[in-house]
Number of protein chains: 2
Amino acid sequence: MASYLASNQERFLTELIDWLCIPSVSADPKFQADVRKAADYLADRLREVGLENVELCETAGNPIVYADKIIDPSLPTVLVYGHYDVQPADPYELWDSPPFEPVIKDGNIYARGACDDKGQVYMHVKAFEVMMQEDGGVPCNVKVMFEGEEEIGSNNLGIFVKANKEKLAADVILISDTGILANDTPSIEVGLRGLSYHEVEVTGPNRDLHSGLYGGAVPNPINVLCKMIASLHDENNHITIPAFYNNVAELSAEERAEMAKAPHSDEEFKKSIGLSNIYGEKGYSTMERTSIRPTLDVNGIWGGYTGEGAKTVIASKAYAKISMRLVPHQTSDEITALFQQHFESIAPSGVQVKVTPHHGGEPVVTPTDSVAYRAAADAMETTFGKRPIPTRGGGSIPIVAMFKTELGLDTVLLGFGLDSDAIHSPNEHYGVFNFLKGIETIPHFYRNYAAAMQK
Amino acid sequence: MASYLASNQERFLTELIDWLCIPSVSADPKFQADVRKAADYLADRLREVGLENVELCETAGNPIVYADKIIDPSLPTVLVYGHYDVQPADPYELWDSPPFEPVIKDGNIYARGACDDKGQVYMHVKAFEVMMQEDGGVPCNVKVMFEGEEEIGSNNLGIFVKANKEKLAADVILISDTGILANDTPSIEVGLRGLSYHEVEVTGPNRDLHSGLYGGAVPNPINVLCKMIASLHDENNHITIPAFYNNVAELSAEERAEMAKAPHSDEEFKKSIGLSNIYGEKGYSTMERTSIRPTLDVNGIWGGYTGEGAKTVIASKAYAKISMRLVPHQTSDEITALFQQHFESIAPSGVQVKVTPHHGGEPVVTPTDSVAYRAAADAMETTFGKRPIPTRGGGSIPIVAMFKTELGLDTVLLGFGLDSDAIHSPNEHYGVFNFLKGIETIPHFYRNYAAAMQK
């Protein structure tokens with residue numbers, strides 16, 4: 001007889017696709033009504049599968065969807081976190097199909113949010129349905145909290161968590177917003193990088209000028225900005241901000257050797273993103289550069305004439321968005337202050353520089369010797385047939401550090417995405433295999449965890 | 001009794017304003033119909049003032065408006081050139097009044113094209129009217145040729161001129177597309193810089209990437225582009241492109257001393273554009289930097305996420321528009337090739353660079369000992385009460401060099417704009433004083449020139 005999951009998988013996919021049609025872009029105010037619509041949709045589905053106390057908790061921004069199922073106060077409680085907001089979808093013209101008209105093609109669901117994080121959140125909703133139907137209920141208490149501002153810094157989540165410690169009391173936090181190494185190589189992320197994100201503005205003359213009449217005699221803010229950005233890395237791709245590396249935790253030779261065992265090929269890595277050559281900080285491998293080392297990247301730049309044809313203008317202003325990924329034991333506040341101070345200090349006289357920090361997040365390392373981690377690893381071993389490898393990821397989930405500080409809880413990062421899912425990019429997608437594997441794996445986690453905690 | 005000009009100046013202004021309402025932006029295809037409308041308007045006004053053989057000469061792009069008045073084949077002929085197309089008006093939000101809804105405020109006409117070049121072209125149209133009414137006609141033969149593609153490189157004008165040498169035969173060319181030092185300091189430009197304008201594209205990975213998952217391990221095309229641009233100037237603001245200065249004509253100490261006599265204050269210059277400090281190529285004054293020295297400026301840059309909020313992306317591509325102003329005896333072809341070769345050569349391995357030259361123009365120096373130059377200088381002395389100073393301008397009118405090559409004709413640059421007119425910028429304007437002074441001065445030029453040539 002087919003499992004409940006096998007019998008219902010088409011419907012599960014259809015429900016996810018309906019949800020992905022709602023453009024819940026949190027960064028752009030014009031999608032505000034859609035963000036709320038996506039929250040309502042999620043709340044309705046949580047009610048349908050049998051969760052209780054479902055509510056939209058209002059914040060100064062987008063609502064937090066809360067629900068729970070308390071079966072016995074003496075049993076342990078799992079708090080599930082995720083987010084229903086998505087990244088902006090531009091540039092739209094690079095999508096093969098419209099970002100908010102999901103299609104399934106070659107085994108993947110293509111849509112903005114398919115993986116990050118609506119697809120992964122929806123695995124949890126359906127895992128509850130599976131447990132309710134197959135086991136007659138969940139084996140421990142569960143609480144869920146899905147926010148709508150993860151892609152813009154989770155500011156209101158922090159306020160909500162601080163104000164609702166009782167309501168959110170639990171034993172562990174479970175999040176699916178990360179990935180595995182490959183569909184035949186399960187893994188669990190045990191480290192995440194922090195973030196410091198800034199917008200910078202360089203002002204030269206007080207109005208746009210004709211480059212023929214003024215060129216050569218005034219500081220051109222675009223040239224100045226390029227020079228300032230170029231100076232942030234030295235010839236070895238080390239970051240030049242003074243004191244930037246002071247608190248970076250250096251790994252031992254043993255730890256680096258252990259990391260090097262994870263399957264990785266620079267040739268395949270290059271091929272997967274169409275690069276003939278890669279480089280980064282001197283003295284570190286690709287895996288290390290994207291996990292244990294801090295980085296600085298320009299995420300956007302603009303200024304002057306960017307339309308068709310030629311305009312001979314010297315712009316008054318030039319802008320960039322610049323972010324740094326942080327590692328233990330750097331802190332977001334420390335690096336934000338260092339960046340701001342340094343960037344202002346390198347401005348040549350005659351131009352004005354404004355640095356506006358957007359949001360930050362703390363780097364984090366989660367334990368691999370906890371009951372919850374073992375429950376997750378065992379669950380994956382059951383469904384994948386292979387023990388998952390613990391890995392350190394390059395991305396940031398700033399709220400993991402915040403949960404530790406505010407709620408005293410460790411997190412298990414039970415994610416099912418792939419690096420090739422193109423999250424934050426055109427043609428974001430999520431494997432149907434991965435979506436269904438998540439729904440299959442999560443109930444095993446609950447069963448393992450509840451059983452181990454009762455011993 | 002009031003002069004004809006004084007009695008009709010209100011109507012002259014109204015006609016100009018009607019013309020400025022037509023957004024004849026040549027760089028943007030969506031204004032194509034408006035460009036033609038502006039050409040039709042100009043042709044109608046030329047017919048009204050009594051010019052003959054008025055026609056729109058079709059090209060592969062926008063039409064050239066031609067007209068003439070041949071009074072006697074044995075008399076000399078003046079060929080007037082100008083352009084009825086305008087620069088794009090963006091950023092629109094920085095205009096105090098809409099760019100295509102002209103207003104007169106504090107003695108200035110505010111509109112895109114008010115000065116560059118519709119306002120200056122219209123002085124010629126009305127100068128013909130003044131001569132017809134006051135003198136009963138023009139004192140020599142005249143031909144006019146107004147193009148609609150000056151702001152995008154005048155490619156079709158070159159083709160038209162080559163194909164119509166007979167039709168355009170003349171003794172001198174007269175252009176009003178430059179400026180004077182101040183309303184109480186008339187001047188005539190006798191030198192112009194050339195131009196080499198490029199769009200560059202830097203491609204890193206073949207799709208946008210998540211900066212957390214990939215940051216630190218791949219070449220970020222925005223960071224790379226910044227580094228490449230930063231390297232184009234050294235610490236003395238010399239341009240680093242090999243062989244760039246090889247053909248630059250160095251001025252003698254005497255010539256530089258002569259230039260330094262023109263009224264200029266760095267303090268006033270800084271104040272006029274809101275800069276606390278200025279700098280440029282070491283060893284040269286502000287006046288020299290904007291006239292006798294070549295320059296390199298970024299006119300526009302873009303890439304990655306430029307919307308509201310934060311997006312943690314590594315872009316696949318980054319772009320810039322980069323132009324160089326050239327001086328005698330650099331040539332546009334030479335510098336275009338040097339730039340392209342150098343910019344491609346400094347790309348780090350792993351990224352691809354594409355350089356697309358937009359258009360170029362040759363630097364030029366016009367004679368100050370010609371009959372036509374003296375006729376223009378005498379005309380200005382009559383109407384301003386002061387002898388004009390010969391100056392070398394920083395802008396480019398590439399067609400001046402082309403007219404010399406193709407038609408064998410020198411040009412007189414009888415312009416009436418001011419540096420503060422904000423051409424190519426928001427709030428472009430043209431002084432009512434300057435517009436009327438132009439209409440007053442131009443007939444004197446014809447009278448002086450015709451008289452001197454008949455001696």
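The rules behind each value
Residues numbered from 1 in each chain as written. Chains lettered and ligands numbered in written order. Predicted model: local features only at pLDDT ≥ 70, side-chain atom pairs only at ≥ 80, totals over all residues. Heavy atoms only, no water. Helix = DSSP H or I, 4+ residues; strand = E, 2+ residues; numbered from the N terminus. Rg over C-alpha atoms; globule rule 2.2 N^0.38 Å. Buried < 20%, exposed > 50% of the residue type's maximum accessible area, 1.4 Å probe, protein only. Contact = heavy atoms within 4.5 Å. Areas by Shrake-Rupley, 256 points an atom, 1.4 Å probe, with all protein chains shown as cover. Lys, Arg positive; Asp, Glu negative; His and termini not counted. Charge placed at Lys NZ, Arg CZ, Asp CG, Glu CD. Pairing = 2+ DSSP bridges. Axes fitted to C-alpha atoms, helices over the stretch in contact; angles between N-to-C directions. Polar contact = N/O pair within 3.5 Å; in protein donor to acceptor, adjacent residues only side chain to side chain. Buried area = accessible area lost by both parts, 1.4 Å probe. Salt bridge = Lys/Arg side-chain N within 4 Å of Asp/Glu carboxyl O. Nonpolar A, V, L, I, M, F, W, Y, C, P; charged D, E, K, R; others polar. Least-squares fit on C-alpha atoms with pLDDT ≥ 70 in both. Domains from an automatic or database assignment. Phe/Tyr/Trp six-rings, centres within 6.5 Å; stacked < 30°, edge-to-face > 60°. Core = buried A, V, L, I, M, F, W, Y, C linked by side-chain atoms within 4.5 Å. Expected span 1.5 Å × (residues − 1). Parallel < 35°, antiparallel > 145°, perpendicular 65-115°, else oblique. Left-handed = near helix turned anticlockwise from the far one by under 90°.

As recorded in an unreviewed UniProt entry, chain A goes by Dipeptidase and comes from Hymenobacter tibetensis.

J.: Sorry, what's going on with the overall build of chain A here?
T.: Helix and strand counts for chain A stand at 13 helices and 18 strands. Its C-alpha atoms give chain A a radius of gyration of 23 Å, near enough to 23 Å, the size a compact globule of 455 residues would have. Overall size of chain A, expressed as C-alpha extent along the three principal axes, is 80 × 50 × 45 Å. Out of the 455 residues in chain A, the part that is buried amounts to 62%. Put simply, 78% of the contacts in chain A that link residues at least 6 apart link residues at least 24 apart. Summing over all exposed atoms, chain A offers an accessible surface of approximately 16500 Å²; the carbon and sulfur share of this is 50%. With 38 positive and 62 negative side-chain charges, chain A shows a spacing of 2 Å between the two charge centroids.

J.: Sorry if this is basic, but what is going on with unusual backbone geometry here?
T.: A negative phi angle is the norm for most residues apart from glycine, just as the trans form is the norm for most peptide bonds. Cis geometry is found at the peptide bond from A:Asp90 to A:Pro91, where omega equals 0°. Locating A:Pro91 in the fold gives a position in the loop between β3 (77-83) and β4 (103-105). B:Pro328 connects to B:His329 through a cis peptide bond whose omega is 5°. Locating B:His329 in the fold gives a position in the loop between β13 (317-326) and α10 (332-345). Despite not being glycine, A:Ala243 shows a phi value in the positive range, around 70°.

J.: I keep staring at the sheet that holds strand β5 (residues 108-110) of chain B and nothing clicks. Help me out?
T.: Each strand in a sheet pairs with another by means of backbone hydrogen bonds, the pair being arranged parallel or else antiparallel. All names here are of chain B. Spatial ordering of the open sheet is given by β4-β5-β18, a layout of three strands whose pairing is antiparallel. The sheet is open, and its two borders are formed by β4 (103-105) and β18 (429-431), each paired with just one other strand. Here the strands of the sheet are splayed against their neighbours by 25° on average, with no regard to which way each runs. Each of β4 and β5 is contacted by helix α1 (residues 4-20), which is oriented at about 20° to β5, the strand it contacts most.

J.: Can you walk me through the side chain of A:Thr290 in this structure?
T.: The residue A:Thr290 is located in the loop between α9 (286-289) and β11 (295-304) in this model. Of note is the side chain of A:Thr290, whose polar atom sits 3.2 Å from the backbone oxygen of A:Met287. Residues within four places of A:Thr290 in sequence aside, it is in contact with A:Arg193, A:Gly393, A:Gly394, B:Gly212, B:Leu213, B:Tyr214, B:Gly215 and B:Ala217.

J.: Even after reading the chapter, I still don't get the interface of chain B and chain A, so can you show me in this structure?
T.: A common measure of how large an interface is: the accessible area buried when the components associate. Counting from both sides, the interface comprises 89 residues of chain B and, opposite them, 89 residues of chain A. Both sides together, the interface formed by chain B and chain A hides about 7600 Å², and carbon and sulfur atoms give 52% of it. At the surface where chain B touches chain A, the tally comes to zero salt bridges. Inspection of the chain B/chain A interface yields 41 residue pairs in polar contact (both at pLDDT 80 or more). Considering each element in turn, the side of chain B that touches chain A owes the most residues, 10 residues, to strand β11 (residues 295-304) of chain B. Split by residue class, the side of chain B that touches chain A holds 36 nonpolar, 37 polar and 16 charged. Bridge count for β11(A) against β11(B) is five bridges, and the pairing is antiparallel. Paired with A:Trp302 across the two strands is B:Trp302, which belongs to β11(B).

J.: What should I look at first to understand the pattern of salt bridges in this one?
T.: Should the charged atoms of two oppositely charged side chains come close, the side chains can pair. All names here are of chain B. Evaluated as defined, the whole model comprises 50 salt bridges over all chains. Among the salt bridges present, the one from Glu-199 reaches Lys-321, with a minimum N-O distance of 2.9 Å. On the criterion of sequence distance, the pair formed by Glu-199 in strand β9 (residues 194-203) and Lys-321 in strand β13 is long-range, its members being 122 residues apart. Of the charged contacts, one joins Glu-250 and Arg-293 as a salt bridge, the two residues approaching to 3.4 Å between their closest N and O atoms. Of the two residues, Glu-250 sits in the loop between α6 (221-230) and α7 (253-259) while Arg-293 sits in the loop between α9 (286-289) and β11, which places them 43 residues apart along the sequence. Under the relative-accessibility criterion, Glu-250 is labelled exposed at 55%.

J.: I tried to follow the relation of the copies chain B and chain A on my own but got confused; where do I start?
T.: Relating one copy of the chain to the other requires a rotation about an axis plus a shift along that axis. Least-squares fitting of chain B to chain A yields an RMSD of 0.1 Å, with the superposition described by an axial translation of 0.0 Å and a rotation of 180°. Here the symmetry operator amounts to a two-fold rotation axis. Both copies present the same face, since 100% of the interface residues in chain B are matched by interface residues at the equivalent positions in chain A.

J.: I keep staring at the domain arrangement of chain A and nothing clicks. Help me out?
T.: Residue and element names in this part refer to chain A. Segmentation of chain A into domains returns domain 1 (4-192 + 363-454) and domain 2 (194-248 + 294-361). Relative to domain 2, the C-alpha centre of domain 1 lies at a distance of 35 Å. Both sides together, the interface formed by domain 1 and domain 2 hides about 740 Å², and carbon and sulfur atoms give 62% of it. The largest share of the area that domain 1 buries against domain 2 comes from Pro-363, Ser-396 and Pro-398, three residues that together contribute 60% of it. Inspection of the region where domain 1 meets domain 2 yields zero salt bridges. At the junction of domain 1 with domain 2, the criterion picks out zero residue pairs in polar contact (both at pLDDT 80 or more). Residue composition of the side of domain 1 that touches domain 2, by class: five nonpolar, four polar and one charged.

J.: I keep staring at the packing of aromatic side chains and nothing clicks. Help me out?
T.: Each pair of aromatic rings is reported with the distance of its centres and the angle of its planes. Under the defined criterion, the tally for this structure stands at 27 aromatic pairs over all chains. Centre to centre, the rings of B:Trp302 and B:Tyr319 are 5.2 Å apart; their planes meet at 10°, and the pair counts as stacked. Here B:Tyr319 lies in strand β13 and B:Trp302 lies in strand β11, a separation of 17 residues in the sequence. Through a chain of ring-to-ring contacts, the aromatic side chains of A:Phe128, A:Phe445, A:Tyr446 and A:Tyr449 assemble into a single cluster.

J.: Would you mind going over the nonpolar core with me for this structure?
T.: Generally speaking, a soluble globular protein has its nonpolar side chains buried in company with each other. Ranked by internal contacts, the top residues of the largest apolar core, which has 78 residues, are B:Trp19, B:Leu46, B:Phe128, B:Phe435, B:Phe445 and B:Tyr446. By size, the runner-up hydrophobic cluster in this structure holds 68 residues, among which are A:Val54, A:Val125, A:Ala127 and A:Cys140.

J.: Quick question: what am I supposed to make of helix α11 (residues 371-384) of chain A here?
T.: All names here are of chain A. For α11, built from 14 residues, the straight-helix expectation of 20 Å at 1.5 Å per residue is met to within 8% by its first-to-last C-alpha distance of 20 Å. Of all the positions in α11, only Ala-372, Tyr-373, Ala-375, Ala-376, Ala-377, Ala-379, Met-380, Thr-383 and Phe-384 are classed as buried. Looking at the buried positions of α11, the neighbouring elements they touch are β7 (172-175), β8 (187-192), β16 (389-392), β17 (411-413) and α13 (432-454). One or two steps after α11, the chain reaches Gly-385, where phi turns positive at roughly 80°.

J.: Looking at this structure, how should I read the sheet that holds strand β18 (residues 429-431) of chain A?
T.: Residues and elements named next belong to chain A. An order of β4-β5-β18 is seen for the three strands of this open sheet, with the pairing classed as antiparallel. Here the strands that pair on one side only, and so sit at the sheet edges, are β4 and β18. Each strand of the sheet is rotated relative to its neighbour by a mean of 25°, with strand direction disregarded. In the sheet, strand β5 (residues 108-110) pairs with β18 via three bridges, with the strands oriented antiparallel. Considered in β18, the bridge of Ile-109 is made with Tyr-430. Of the strands in this sheet, β4 and β5 are in contact with helix α1 (residues 4-20), which crosses β5 at around 20°. On top of the sheet, α13 reaches β4, β5 and β18; it is set at about 60° to β18, its chief contact.

J.: Hey, could you run me through the packing of helix α4 (residues 155-163) of chain A against helix α12 (residues 399-407) of chain A in this one?
T.: The relative placement of two packed helices comes down to the angle between their axes together with the axis-to-axis distance. Residue and element names in this part refer to chain A. Close contact between α4 and α12 brings their axes to 10 Å; oriented N to C, the two are set at 20°. Between α4 and α12, the angle is such that the two are roughly parallel. Where α4 crosses over α12, the handedness of that crossing is right-handed. Residues Leu-157, Gly-158, Val-161 and Lys-162 of α4 pack against Ile-399, Met-402, Phe-403, Glu-406 and Leu-407 of α12. For the contact of α4 with α12, the per-class residue count stands at six nonpolar, one polar and two charged.

J.: What's the story with the packing of helix α2 (residues 32-48) of chain B against helix α3 (residues 118-134) of chain B in this structure? I'm lost.
T.: All names here are of chain B. The N-to-C vectors of α2 and α3 enclose an angle of 20°; their axes lie 10 Å apart at closest approach. Considering their axes alone, α2 and α3 lie roughly parallel with respect to each other. For the element pair α2 and α3, the recorded crossing hand is right-handed. Across the interface between the two elements, Ala-38, Leu-42, Arg-45 and Leu-46 of α2 pack against Lys-118, Val-121, Tyr-122 and Val-125 of α3. In terms of residue class, the contact of α2 with α3 is built from six nonpolar, no polar and two charged.

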